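Structural overview for review
Chain by chain, the residues run as shown.
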Amino acid sequence: MKKCIYFVSNASDCPDGPRLRRDFGFDETGSWRPAAFPQDAQGVIVDDAFLPNPSGLDAAIRFLTAWNGVILLDFERAKTTALSQLAAALAGKEVVVPPAYAACPHSHVLIGPWNGCGSFSRWLRRCQARYGAVVLDGAPLRFQMRPGGKREGWSASLPEQGFPCPGAVCLHRRCKDGAILFWDTQQTLTLRSAAAEAPVVVFQEDWSALPASAPQPGFG
């Protein structure tokens, strides 16, 4: 995979750039969901919302071995024999696997998303040392932390301005109650993606919801 941002969307209004198409996988009976090769995408995302039956597994292998683009196996369940067989059958393809399947043939391992705590570069180096070539789940940051407290999600409006946080590669600002708010803009997420020097996957809906304002001078 090229070292750039891949946008995930089923819509035609996806931002310019490489994209991955989702909704490939199995139905509630275990059959492969009918699908056609996407004409406007560099890759497909295969989920494990339902597990395959034997014929569904065979159909998935036939479809995916005939596909010449990226195959991202977005498996969130505990590792299964059937899905391990699917990954093994794709040996030699450009396949991205989750960490649980890192022992299966693959080209990259999907890591993240980055939680914003500590140093992004050190966290990334640890992941690369463990897995080798990686793809980063580029979910944007939007959380607050109080001194000595836990990371908490933030759903309220964002400040108009923030200050660079070089370690996390995002913006931050202290709230009136003493908590520190951390968040991304399209610019900071682009900067963090560039700093990763690895392919990054971002959902188009998440990207579109980000403020587009640039960070203050001096970032990075």
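About the thresholds
- Residues numbered from 1 in each chain as written.
- Predicted model: local features only at pLDDT ≥ 70, side-chain atom pairs only at ≥ 80, totals over all residues.
- Heavy atoms only, no water.
- Helix = DSSP H or I, 4+ residues; strand = E, 2+ residues; numbered from the N terminus.
- Rg over C-alpha atoms; globule rule 2.2 N^0.38 Å.
- Buried < 20%, exposed > 50% of the residue type's maximum accessible area, 1.4 Å probe, protein only.
- Contact = heavy atoms within 4.5 Å.
- Areas by Shrake-Rupley, 256 points an atom, 1.4 Å probe, with all protein chains shown as cover.
- Pairing = 2+ DSSP bridges.
- Axes fitted to C-alpha atoms, helices over the stretch in contact; angles between N-to-C directions.
- Expected span 1.5 Å × (residues − 1).
- Arc of directions from axis to C-beta.
- Salt bridge = Lys/Arg side-chain N within 4 Å of Asp/Glu carboxyl O.
- Core = buried A, V, L, I, M, F, W, Y, C linked by side-chain atoms within 4.5 Å.
- 1 Å grid on protein atoms, 1.4 Å probe; cavity = no way out; pocket = protein on both sides within 12 Å on 5 of 7 lines; lining within 4 Å.
- Points joined across faces, edges and corners; volume = space filled by probe spheres on them.
- Nonpolar A, V, L, I, M, F, W, Y, C, P; charged D, E, K, R; others polar.

**Remarks on the overall build of the chain**
- Looking only at helices and strands, the chain has five helices and 13 strands in total.
- Computed over the C-alpha atoms, the radius of gyration of the chain is 19 Å, within 12% of the 17 Å expected from 2.2 N^0.38 for a compact globule of 220 residues.
- Each principal axis of the C-alpha atoms in the chain carries an extent, and together these give about 60 × 35 × 30 Å.
- Within the chain, the proportion of its 220 residues that are buried is 45%.
- Within the chain, counting contacts between residues at least 6 apart in sequence, those at least 24 apart form 56% of the total.
- Taken as a whole, the chain presents about 10,900 Å² of accessible surface, with 52% of it coming from carbon and sulfur.

**A look at the sheet that holds strand E1 (residues 5-8)**
- If you trace the eight strands once around the closed barrel, you get E1-E2-E3-E4-E5-E6-E7-E13, paired in parallel fashion. Taking each pair of neighbouring strands and ignoring which way they run, the sheet shows an average axis angle of 30°.
- With two bridges connecting them, strand E4 (residues 70-74) and strand E5 (residues 95-97) associate as parallel partners. The partner of Leu 72 across the bridge, within E5, is Val 96.
- Running over the sheet, helix H3 (residues 120-131) touches strand E6 (108-111) and strand E7 (134-137) and is turned about 140° from E7.

**As for unusual backbone geometry**
- In this structure, the amide linkage connecting Gly 112 to the following residue, Pro 113, adopts the cis form with an omega of 5°.
- Within the secondary structure, Pro 113 is located in the loop between E6 and H3.
- Residue Val 169 is not a glycine yet carries a positive backbone phi of 55°.
- Among the secondary structure elements, Val 169 is positioned in the loop between strand E10 (163-165) and strand E11 (170-174).

**Focus on helix H1 (residues 54-66)**
- With 13 residues, H1 extends 19 Å between its outermost C-alpha atoms, agreeing within 8% with the 18 Å of an ideal straight helix rising 1.5 Å per residue.
- The complete set of buried residues in H1 reads Gly 56, Leu 57, Ala 59, Ala 60, Phe 63 and Leu 64. Along the long axis of H1, the arc covered by the buried residues comes to 160°, so they all point the same way. Along H1, exposed side chains directed more than 90 degrees from the buried face belong to Pro 54 and Arg 62.
- Looking at the buried side of H1, the elements it contacts are strand E2 (19-24), strand E3 (43-47), E4 and helix H2 (81-89).

**Brief notes about the environment of Ile 61**
- Position of Ile 61 relative to the elements: it lies in helix H1.
- For Ile 61, a relative accessible area of 21% translates into the label partly exposed.
- Along the chain, Ile 61 and Ala 89 lie 28 residues apart, while their C-alpha atoms are 6.7 Å from each other.
- Those residues within four positions of Ile 61 in sequence are excluded, and the remaining contacts are Leu 86 and Ala 89.

**Quick word on the pattern of salt bridges**
- Counted by the stated rule, this structure contains seven salt bridges.
- Between Asp 40 and Arg 19 there is a salt bridge; the shortest N-O distance is 3.8 Å. Taken together, the residues Asp 40 in the loop between E2 and E3 and Arg 19 in strand E2 connect sequence positions 21 residues apart.
- In this structure Arg 19 comes out as buried when scored by relative accessible area, which is 11%.

**Overview of the nonpolar core**
- With 48 residues, the main nonpolar core has Trp 32, Leu 64, Ile 71, Leu 86 and Ile 111 as its most contacted residues.
- Among the nonpolar cores identified, the runner-up in size contains 11 residues, and Met 1, Val 70, Val 135 and Val 201 belong to it.

**A word on H2**
- Where H2 is concerned, the buried positions are Leu 83, Ser 84, Leu 86 and Ala 87. Each buried residue of H2 sits inside an arc of 155° when the element is viewed along its axis, so together they form one side.
- Looking at the buried residues of H2, the elements they touch are H1 and E4.

**Some words on the layout of surface pockets**
- The calculated volume of the largest pocket comes to roughly 260 Å³.
- Only E4, E6 and strand E13 (200-203) provide two or more residues apiece to the lining of the largest pocket.
- Class assignment of the residues belonging to the lining of the largest pocket gives a composition of 10 nonpolar, one polar and three charged.

Distances and angles like these do not, on their own, reveal function.
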